[in-house]
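The primary structure of each chain is shown beneath.
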Amino acid sequence: MSDSVGASGVTFNQSRGLTYTAYGYPAAPPFTGETLQSCYGTASADPYGQSQSQGIPCDMTGGSSGGPWMIGNGSSGLQNSVNSFGYNNIANTMFGPYWGSVIENTYVAASA
């Protein structure tokens, strides 16, 4: 399928604290879900230690979940996470899962 429509590259087990560009179509106010939005910034650890996820500065709202995180500035980098969640008491931060060995093994199995 990627031969027909294209696909971004992916990578796993990268260093923490990389700089990412995240994309999504947030639908909760003030957004409408009709336009692509992006965020850019350096990842930091989950401050509560509840997950291995990392957060980047981002004001996207609900509806943006699953949007890709590309390493670096722009869409040409390798994908290394996705928009996943935010904490109600931490403004303007989007968290995404760390793509380590478990996610890599799942990706390899699904690709087979």
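Structure report, in brief. (Residues numbered from 1 in each chain as written. Predicted model: local features only at pLDDT ≥ 70, side-chain atom pairs only at ≥ 80, totals over all residues. Heavy atoms only, no water.)

1. Description of the overall build of the protein
The helix and strand tally for the protein stands at 2 helices and 7 strands. When the helices and strands of the protein are listed from N to C terminus, the series reads α-β-β-β-β-β-β-β-α. Against the compact-globule benchmark of 13 Å for 112 residues, the protein has a radius of gyration of 14 Å, which places it among compact chains. For the C-alpha atoms alone, the extent of the protein along its principal axes is close to 40 × 35 × 25 Å. Residue burial in the protein is summarised as follows: out of 112 residues, 34% are buried. Considering only intrachain contacts with a sequence separation of at least 6, the fraction spanning at least 24 residues in the protein is 56%. Of the roughly 6400 Å² of accessible surface on the protein, 51% is carried by carbon and sulfur atoms. (Helix = DSSP H or I, 4+ residues; strand = E, 2+ residues; numbered from the N terminus. Rg over C-alpha atoms; globule rule 2.2 N^0.38 Å. Buried < 20%, exposed > 50% of the residue type's maximum accessible area, 1.4 Å probe, protein only. Contact = heavy atoms within 4.5 Å. Areas by Shrake-Rupley, 256 points an atom, 1.4 Å probe, with all protein chains shown as cover.)

2. Section: the sheet that holds strand E3 (residues 44-45)
If you trace the 3 strands from one edge of the open sheet to the other, you get E3-E4-E7, paired in antiparallel fashion. The open sheet has two edge strands, E3 and strand E7 (93-96), and neither has a second partner. Pairing between E3 and strand E4 (residues 54-57): 2 bridges, direction antiparallel. Across the sheet, residue Ala-45 finds its bridge partner in E4, namely Gln-54. (Pairing = 2+ DSSP bridges.)

3. Things to note about the nonpolar core
Listed in full, the 9 residues of the largest apolar core are Tyr-20, Ala-22, Cys-39, Ala-43, Ile-56, Cys-58, Met-60, Trp-69 and Met-94. Excluding anything up to four places from it in sequence, Cys-39 contacts Tyr-20, Thr-21, Ala-22, Ile-56, Pro-57, Cys-58, Asp-59 and Met-60. (Core = buried A, V, L, I, M, F, W, Y, C linked by side-chain atoms within 4.5 Å.)

4. Here's the deal with the side chain of Thr-61
Mapped onto the fold, Thr-61 is located in the loop between E4 and strand E5 (68-71). Within the structure, Thr-61 has its side chain in polar contact with the backbone oxygen of Ala-28 (distance 2.7 Å). Once residues within four sequence positions are removed from consideration, Thr-61 is found in contact with Pro-26, Ala-27, Ala-28, Pro-29, Pro-30 and Phe-31. (Polar contact = N/O pair within 3.5 Å; in protein donor to acceptor, adjacent residues only side chain to side chain.)

5. As for the state of the cysteines
Under the definition given, this model contains 1 disulfide. Paired by a disulfide, Cys-39 and Cys-58 hold their sulfur atoms 2.1 Å apart. Since a negative S-S torsion denotes a left-handed disulfide, the Cys-39-Cys-58 link at about 65 degrees is right-handed. Taken as a pair, Cys-39 in strand E2 (residues 37-42) and Cys-58 in the loop between E4 and E5 lie far apart in primary sequence, 19 residues in all. The exposure class of Cys-39 is buried, given its relative accessible area of 6%. (Disulfide = S-S within 2.5 Å.)

6. Focus: the packing of aromatic side chains
A full pass over the atoms with the stated rule returns 7 aromatic pairs. Aromatic pair Phe-85 and Tyr-87: ring centres 5.4 Å apart, planes at 85 degrees, arrangement edge-to-face. In textbook terms, an aromatic cluster arises when at least three aromatic residues are bridged by ring pairs, as seen for Tyr-48, Phe-85, Tyr-87 and Phe-95. It is Arg-16 that lies over the ring of Tyr-98; its NZ or CZ is 4.1 Å from the centre. (Phe/Tyr/Trp six-rings, centres within 6.5 Å; stacked < 30°, edge-to-face > 60°. Lys NZ or Arg CZ within 6 Å of the ring centre and 35° of its normal.)

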